[in-house]
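Read off the chains here:
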Amino acid sequence: MKPWMTMREISLKGLAIGVALANPLAAADTRETLRKRIGEATEPRILFVGNSYSFKIPGVLRNLAQKEKKRIVVEKVTKGGWTLQKHAGSQQTLGRIREAKWDVVVLQEQSQIPSFARAQRRNQMIPPAKILVAEIRKSGAIPVFFQTWGRRDGDRQNSAAFPRDTFEKMQARLSEGYREAAEAAMTAIRSNVAQAITDLGTDNAAPALRAPSPVHALCPCQLRTIAASLPRRPGQSQKAPPY
């Protein structure tokens, strides 16, 4: 994806402002709020909205819950290469958010956009993020941003904008982009899968980054936090996350 802006993006920005003015939100999302919501639900309902980076995650989370004998409903609206902008303009996506009583809706942006320059993020990412978060909150769910990870060798597709890019440099930009989006969406929570890679170190993380779907190697440890908060079946003892 190349860094540029279209009239559609400008229109989305205006729409986001309109949504914010028409529906003032008093959001105070915290990780404790998330844990409490999931813990109190008889059968937590979670929807993932994103692209190929989120293809496999719902299934992994579902399997984790099954292994720990916990009940959960996990569904997704994920299409290859899709951006939050496309989801914000999709009646299918908006319909899925509105049609069910979700506890949590997870938003994942295209893998490069959050790492672009601030001015571009504020035109391409922030407006649709606000639209989607507003819809999520109107439906009664808690919005969570799924922060993805940098590419092993940085953003080579945009080497002119990011010369001598590296995983660490791209990761820092992605983290800043998602942090800014979370703040703009009034403190929506971030689930930082990227930090798991950074903590491993680039040498140890390399096999995961080279994998056809890096999610396979990385998401179980991140999703275990959610799985550990799910309602237990009668007689099951509570276990703390293994980290």
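Right above here is the structure, for reference.
As the structure is a prediction and not an experimental result, all values here were calculated from the model. For every chain, the first residue of its written sequence is number 1, and the numbers climb from 1 along that sequence. At least 70 in pLDDT is required for a residue's local features to be given in this predicted model, at least 80 for side-chain atom pairs to be given and counted, and no such filter applies to totals for whole chains, interfaces and linings, which use all residues. Only hydrogens and water are set aside; all other atoms, that is, all heavy atoms of the structure, feed into the side-chain values.

Some words on the overall build of the chain
- Regarding its fold elements, the chain presents 11 helices and 5 strands.
- Here the chain holds 243 residues, and the buried ones make up 50% of them.
- Pairs at least 24 residues apart make up 79% of the contacts formed inside the chain by residues separated by at least 6 positions.
- Carbon together with sulfur atoms contributes 54% to the accessible area of the chain, which is approximately 11,600 Å² in total. In this description a helix means any DSSP run of H or I spanning at least four residues, a strand means any run of E spanning at least two, and both kinds are numbered starting from the N terminus. Each residue is assigned to one of three classes by its accessible area relative to the maximum for its type, calculated with a 1.4 Å probe on protein chains only: buried under 20%, partly exposed between the two thresholds, exposed over 50%. Contacts: residue pairs with any heavy atoms within 4.5 Å of one another. Only the protein chains shown count as covering a residue, and every accessible area follows the Shrake-Rupley method with a 1.4 Å probe.

A look at the pairing of strand 1 (residues 45-50)
- In terms of burial, strand 1 is largely enclosed, as 5 of its 6 residues are buried.
- Here is how to tell: hold the view so the strands point away, follow the path from the first strand over the helix to the second, and if it runs clockwise the crossover is right-handed. Each parallel crossover has a hand, and for strand 1 linked through helix 3 (residues 57-67) to strand 2 (residues 73-78) it is right-handed.
- Across 4 bridges, the pairing between strand 1 and strand 3 (residues 104-107) is parallel. Residue Val 49 lies in a different strand from strand 3, and its bridge partner there is Leu 107. If DSSP finds at least two bridges between two strands, the strands pair.

Focus on the environment of Arg 190
- Relative to the elements of secondary structure, Arg 190 occurs in strand 5 (residues 189-192).
- In the structure, Arg 190 is positioned 84 residues away from Val 106 in sequence and 9.2 Å away in space, judged by C-alpha atoms.
- Here Arg 190 is in contact with Arg 31, Phe 145, Gln 147, Ser 175, Tyr 178, Arg 179 and Ala 182, once residues within four sequence places are set aside.

Some thoughts on the packing of helix 5 (residues 91-99) against helix 7 (residues 126-138)
- Interhelical geometry of helix 5 versus helix 7 gives an angle of 25° and a closest axis separation of 8 Å. Taken together, the axes of helix 5 and helix 7 are roughly parallel relative to one another. By crossing handedness, the relation of helix 5 to helix 7 is classed as right-handed. In this structure, helix 5 contributes Thr 93, Leu 94, Ile 97 and Arg 98 to the contact, and helix 7 contributes Leu 132, Glu 135 and Ile 136. Convention adopted: a line fitted to C-alpha atoms gives each axis, helices being fitted over their contacting stretch, and angles between N-to-C directions are expressed from 0 to 180 degrees. Each angle gets one of four labels, with under 35 degrees taken as roughly parallel, over 145 as roughly antiparallel, 65 to 115 as roughly perpendicular, and the rest as oblique. Left-handed describes a crossing in which the near helix is turned anticlockwise from the far one by less than a right angle; the clockwise case is right-handed.

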